[in-house]
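Residues per chain, in single letters:
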Amino acid sequence: MVKEKTRSSGRAAQLPNVPKPRTRRRNPGPSQQPAVVAAGAKSPSLDRRKRLAASTRRPSDSNSLALARSLADRRSANCRIRKSFARRSDAQEPKPWLAQLVGPESGRAAEPRLKIVLTLLYLANDDIWSVTNADAASWALLLGLDDPQRQGAKRVSAAVRWLHEQRFIEADRRQGRPPKMRIMHESGNGRWTSPTGRQGVRQTEADKYSQLDRGFWAHGWITVLSARAIAALVIVLDATWGLNTATTATRKTRGGLKFEETRALPWWHITEQRLVENYGVSRDLFDRGVKELEEWGLLETQKRKKRDSAVWDEKRWFRELRVRIETLQFPVERIEAGDTPQYRQPP
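Residues numbered from 1 in each chain as written. Predicted model: local features only at pLDDT ≥ 70, side-chain atom pairs only at ≥ 80, totals over all residues. Heavy atoms only, no water.

(A) Looking closely at the overall build of the chain. Across its full length, the chain holds 14 helices and 10 strands. Burial status across the chain gives 49% buried among its 347 residues. Put simply, 69% of the contacts in the chain that link residues at least 6 apart link residues at least 24 apart. Looking at the chain as shown, the accessible area adds up to about 18,500 Å², and 46% of this sits on carbon and sulfur atoms. (Helix = DSSP H or I, 4+ residues; strand = E, 2+ residues; numbered from the N terminus. Buried < 20%, exposed > 50% of the residue type's maximum accessible area, 1.4 Å probe, protein only. Contact = heavy atoms within 4.5 Å. Areas by Shrake-Rupley, 256 points an atom, 1.4 Å probe, with all protein chains shown as cover.)

Rendered as structure tokens:
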């Protein structure tokens with residue numbers, strides 16, 4: 001596999017400077033409104049269908065979109081995510097990174113934690129690199145957090161401390177300056193290395209990876225999606241990327257080297273048991289993430305009969321999912337305006 005070239009020639013990446021925005025507060029959505037529960041009534045937080053019925057789309061911010069685009073201009077390749085980041089081979093193994101980042105114990109901290117880790121993976125382009133000169137307020141603005149100058153910056157600082165303590169990243173704190181951050185290896189063994197390996201060396205099973213399109217940053221999706229939606233997106237990409245049924249096209253790099261570009265992904269179905277055992281996340285979190293992705297047009301679903309049978313029996317249906325890569329490559333603000341990307345027929 002050909003290692004993709006990057007536009008950046010240096011080893012240190014910097015978030016571009018943008019004007020400080022005015023404090024921005026979003027109106028709480030239906031799922032965030034305080035609920036009054038009558039005595040003896042079932043708590044709304046336990047009513048899964050009501051939670052799934054509430055709209056989860058949140059508006060974009062022009063300053064956040066501008067910062068995300070300028071960051072993506074520094075990196076022309078997609079984000080490569082090792083399979084071990086999202087999936088474990090056995091239920092007895094520790095939870096993978098993804099499940100640890102978005103687990104129920106994370107709460108509101110899940111969003112900055114997951115987005116920071118994915119952004120550091122996206123910026124990683126060689127074996128020795130770091131992100132410097134990016135203060136907490138700039139990170140908060142990039143991640144689409146509320147009140148980026150104050151509360152958002154505090155959430156980012158807390159997330160960086162936790163990620164450093166749990167060995168997801170190395171954060172070299174310098175007095176009076178933003179920390180110097182570097183992503184660690186998904187296996188927990190040492191610093192990050194490229195999953196593509198070196199030329200002439202066969203790729204190992206542990207280094208197989210899926211790709212999150214750079215449009216996730218370039219078109220502002222990182223600023224509007226919640227942690228659960230991103231987790232669901234990463235899971236479906238992990239399960240369907242590289243399958244023989246995916247639609248690909250041969251392209252060339254600037255150096256003339258050929259590579260296969262994935263154009264459309266196949267349909268995929270997962271059982272609740274496999275979701276918990278392999279990915280370590282709950283069905284509730286996954287379903288709520290899937291619903292949010294559907295609302296944005298990033299994912300589509302279809303129902304299919306489990307099997308054709310000539311016997312008298314109850315019909316059983318299952319849900320298939322597919323990531324729409326063409327939507328990831330489409331600007332968020334155009335989706336909000338009602339535009340739709342050109343549909344690619346799934347395999």
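We are not done yet, so read on.
(B) Fine view of the packing of helix H5 (residues 110-123) against helix H10 (residues 227-240). At a minimum axis separation of 9 Å, H5 and H10 run at an interaxial angle of 45 degrees. With respect to each other, H5 and H10 are oriented oblique. Within the contact between the two elements, H5 uses Ala110, Glu111, Leu114, Lys115 and Leu118 and H10 uses Ala227, Ile230 and Ala231. For the contact of H5 with H10, the per-class residue count stands at 6 nonpolar, no polar and 2 charged. (Axes fitted to C-alpha atoms, helices over the stretch in contact; angles between N-to-C directions. Parallel < 35°, antiparallel > 145°, perpendicular 65-115°, else oblique. Nonpolar A, V, L, I, M, F, W, Y, C, P; charged D, E, K, R; others polar.)

(C) Layout of unusual backbone geometry. Even without glycine at this site, Asp147 takes up a positive phi of about 50 degrees. Within the fold, Asp147 resides in the loop between helix H6 (136-143) and helix H7 (151-165). Positive phi is not limited to glycine here, since Arg167 has a value of about 65 degrees. When you line up the elements, Arg167 lands in the loop between H7 and strand S4 (169-174).

(D) Molecular detail of the side chain of Asp61. Inspection of the secondary structure assignment puts Asp61 in the loop between helix H1 (48-53) and helix H2 (62-72). In terms of polar contacts, Asp61 uses its side chain to reach the backbone amide nitrogen of Asn63, at 3.1 Å. From its side chain, Asp61 meets the backbone nitrogen of Ser64 in a polar contact 3.1 Å long. (Polar contact = N/O pair within 3.5 Å; in protein donor to acceptor, adjacent residues only side chain to side chain.)

(E) Spotlight on the environment of Ser194. Mapped onto the fold, Ser194 is located in the loop between strand S5 (177-183) and strand S6 (209-212). A sequence separation of 113 residues divides Ser194 from Ile81, and the C-alpha atoms of the two residues are 9.9 Å apart.

(F) Structural detail: the packing of aromatic side chains. Scanning the model with the defined rule gives 6 aromatic pairs in all. Where Trp97 meets Phe168, the ring centres are 4.7 Å apart and the plane angle is 55 degrees; that geometry is what we call tilted. Taken together, the residues span a long stretch of sequence, with Trp97 in helix H4 (residues 97-102) and Phe168 in the loop between H7 and S4 at a distance of 71 residues. Of the residues examined, Trp97 reaches a relative accessible area of 7% and is grouped as buried. Phe168 gets classed as buried once you look at its relative accessible area, which sits at 1%. With a centroid separation of 4.8 Å and an interplanar angle of 80 degrees, the aromatic rings of Phe216 and Trp217 are classed as edge-to-face. (Phe/Tyr/Trp six-rings, centres within 6.5 Å; stacked < 30°, edge-to-face > 60°.)

(G) Representation of H2. For H2, the set of buried residues is Ser64, Leu65, Leu67, Ala68, Leu71 and Ala72. An end-on view of H2 places all buried positions within 165 degrees of arc, on one side of the element. Contact partners of the buried residues in H2: H5, H6, helix H8 (215-218), helix H9 (221-224) and helix H14 (332-336). Measuring from the side-chain oxygen of the N-cap residue of H2 to the backbone nitrogen of Asn63 gives 3.1 Å; that N-cap residue is Asp61. (Arc of directions from axis to C-beta.)

(H) Quick look at H5. Compared with the 20 Å implied by 1.5 Å per residue over 14 residues, the 20 Å span of H5 between its first and last C-alpha is a close match. The buried count for H5 comes to 14 of 14 residues, which makes it a mostly enclosed element. (Expected span 1.5 Å × (residues − 1).)

(I) Spotlight on the packing of H10 against helix H12 (residues 283-296). Packing of H10 against H12 brings their axes to within 7 Å, and their N-to-C directions diverge by 90 degrees. When the interaxial angle is binned, H10 and H12 end up roughly perpendicular. Contacts between H10 and H12 involve Arg228, Ala229, Ala231, Ala232, Leu233, Ile235 and Val236 from the first element and Leu285, Phe286, Arg288, Gly289, Val290, Glu292 and Leu293 from the second. For the contact of H10 with H12, the per-class residue count stands at 10 nonpolar, 1 polar and 3 charged.

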